[in-house]
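Report on the structure
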Amino acid sequence: MTVSTRIRGALLASAVVLAAAACSSSGPRPSSSTSSSSSKGTSAAAAASNPTGPPGAAVPRPDHVVVVIEENRSAASVLANPSAPYLNGLAGRGATFTQSYGVSHPSEPNYLALFSGSTHGLSDDSCPATGSPYSSANLASVLRAGGFSFATFSEDLPAAGSTVCSSGQYARKHNPVTDFSNVPADLSRPFRAFPADLSTLPTVSFVVPNLDHDMHDGTVGQADVWLHDHLDRYVSWAFTHHSLLVVTWDEDDHSAGNRIPTLFVGPMVRPGRYAERIDHYAVLRTVTALYGVAAPGLAATAPTITDVWAGG
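What you see is a predicted model, and the numbers here were worked out from it, not measured in a lab. (Residues numbered from 1 in each chain as written. Predicted model: local features only at pLDDT ≥ 70, side-chain atom pairs only at ≥ 80, totals over all residues. Heavy atoms only, no water.)

**Describing the sheet that holds strand S4 (residues 150-154)**
Pairing in this open sheet of eight strands is mixed, and the strands run S7-S4-S8-S2-S9-S10-S3-S11 from one edge to the other. The open sheet has two free edges, formed respectively by strand S7 (188-190) and strand S11 (272-279), since each of these has just one partner strand. Within this sheet the neighbouring strands show an average axis-to-axis angle of 25 degrees, counted without direction. Sitting on the sheet, helix H4 (residues 85-93) touches strand S3 (95-101), strand S9 (244-249) and strand S10 (259-265), and the angle it makes with S10 is about 60 degrees. Against the sheet, helix H8 (residues 280-290) makes contact with strand S2 (65-70), S3, strand S8 (204-208), S9, S10 and S11, and its axis sits at roughly 105 degrees relative to S11, the strand it touches most. (Pairing = 2+ DSSP bridges. Helix = DSSP H or I, 4+ residues; strand = E, 2+ residues; numbered from the N terminus. Axes fitted to C-alpha atoms, helices over the stretch in contact; angles between N-to-C directions. Contact = heavy atoms within 4.5 Å.)

**With respect to helix H5 (residues 107-116)**
Within an α-helix, residues lying three or four positions from one another point in the same direction, as the helix has 3.6 residues per turn. When you tally the buried positions in H5, you get 10 out of 10 residues, the bulk of the element. Taken together, the buried positions of H5 are Ser-107, Glu-108, Pro-109, Asn-110, Tyr-111, Leu-112, Ala-113, Leu-114, Phe-115 and Ser-116. If you follow the buried residues of H5, they end up packed against S2, helix H6 (139-145), S4, S8, S9 and H8. Two residues or fewer past H5, Gly-117 is found with a positive phi of approximately 80 degrees. (Buried < 20%, exposed > 50% of the residue type's maximum accessible area, 1.4 Å probe, protein only.)

**A few points about the pairing of S2**
Here S2 lies mainly inside the structure; six of its six residues are buried. Residue alternation in S2 divides its side chains into two sets, Val-65, Val-67 and Ile-69 and Val-66, Val-68 and Glu-70, and both sets are buried. Both S2 and S8 contribute to a ladder of four bridges, which runs parallel. Within the sheet, the bridge partner assigned to Val-66 lies in S8 and is Ser-205. Direction of pairing for S2 relative to S9: parallel, over a ladder of six bridges. Opposite Ile-69, over in S9, you have Thr-248 as the bridge partner.

**Describing the side chain of Ser-104**
Looking at the secondary structure, you find Ser-104 in the loop between S3 and H5. Taking the relative accessible area as the measure of exposure, Ser-104 reaches 18% and is therefore buried. Beyond its immediate sequence surroundings of up to four residues, Ser-104 is in contact with Pro-109, Asn-110, Glu-251 and Asn-258.

**Here's the deal with the pattern of salt bridges**
For the coordinates displayed, the defined rule picks out two salt bridges. The salt bridge partner of Lys-173 is Asp-125, with a shortest N-O separation of 3.7 Å. A residue pair is termed long-range when its members are at least 10 positions apart, and Lys-173 in the loop between strand S6 (170-171) and S7 and Asp-125 in the loop between H5 and H6 qualify at 48 residues. The shortest N-O distance in the salt bridge between Arg-172 and Asp-179 comes to 3.0 Å. A relative accessible area of 2% places Asp-179 in the buried class. (Salt bridge = Lys/Arg side-chain N within 4 Å of Asp/Glu carboxyl O.)

**Some remarks on the side chain of Ser-188**
Take Ser-188: it is sitting in strand S7. Exposure remark for Ser-188: the relative accessible area of 3% places this residue in the buried category. A polar contact of 2.9 Å, which involves the side chain of Ser-188, links it to the side chain of Asn-175. For Ser-188, the residues in contact, after removing those within four places along its chain, are Thr-152, Leu-157, Ala-159, Ala-160, Gly-161, Asn-175, Val-177 and Thr-178. (Polar contact = N/O pair within 3.5 Å; in protein donor to acceptor, adjacent residues only side chain to side chain.)

**Looking at the environment of Ala-159**
Assignment of secondary structure puts Ala-159 in the loop between S4 and strand S5 (166-167). For Ala-159, a relative accessible area of 35% gives the class partly exposed. When neighbours within four sequence positions are excluded, Ala-159 is seen to be in contact with Ser-188, Pro-190 and Arg-192.

**Focus: the packing of H4 against helix H7 (residues 220-238)**
It is the contact of H4 with H7, at a shortest axis distance of 8 Å, that shows an interaxial angle of 40 degrees. Taken as axis vectors, H4 and H7 run oblique relative to one another. Contacts between H4 and H7 involve Pro-85, Tyr-86, Leu-87, Leu-90 and Arg-93 from the first element and Asp-224, Leu-227, His-228, Leu-231, Asp-232 and Val-235 from the second. Across the contact of H4 with H7, the residue classes tally to seven nonpolar, one polar and three charged. (Parallel < 35°, antiparallel > 145°, perpendicular 65-115°, else oblique. Nonpolar A, V, L, I, M, F, W, Y, C, P; charged D, E, K, R; others polar.)

Structure representation (structure tokens):
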């Protein structure tokens, strides 16, 4: 064999390897407002065909997840709002779901849906007359059954386990863990108990700001400052400790068909804008999938969000 023949053979083999590598690395990508028209079409087709996956689809397992629940704002009133520089900075660092929806109005049924996969037929914000009316599976119960931990940290809650309907700017309607008899009362904690040592956080936590700081009574700007002052420490820590932040809203302000902002932020997330339709059940399904536990209620048949994970 001549030298030129050997060179041509080597070049052909290299071309085959490169082509195979290119094929194996293809997959869905987040949509981007700066993409070309052809790449937008490709991204939209990928999102339509495989934006989410069935139970068991490949997902990461964060060391911790913190879910912050805000109030009564449409996606359009928060995303790109100059009054929310911190939130929009988080959006730039993480996954922004542009077609995320609440499941009901008013607030309380949405919190129940996110926590337990059901609104339990509730159509108002009523405080239970006595005790905790529900005993069905929920995020806390399935995590605990799987060997993981859960707690809710509510701003202005007067004491751990309190079932008071309101206290200061705390509202029980925004704290679904108190409505379940199969969840230990001490898993409902004041936000002041949010640990200084973040490694001691439960596996999954809900954070519920008070009415002034969740955009219910206060402004978008007030909530943005509160999030920066109280959660940025966790965000910085999460990026070096394989942990995840989820920021979502219970419902919109009746202006946008219940379309709300939802953000996933962490080192395992591919930043971008994602256009698949999700709701509280899909978010709950995804959080349970991260830890391989059974999703409760309607979340059991909701899709798992799979396209946002780096390397997924």
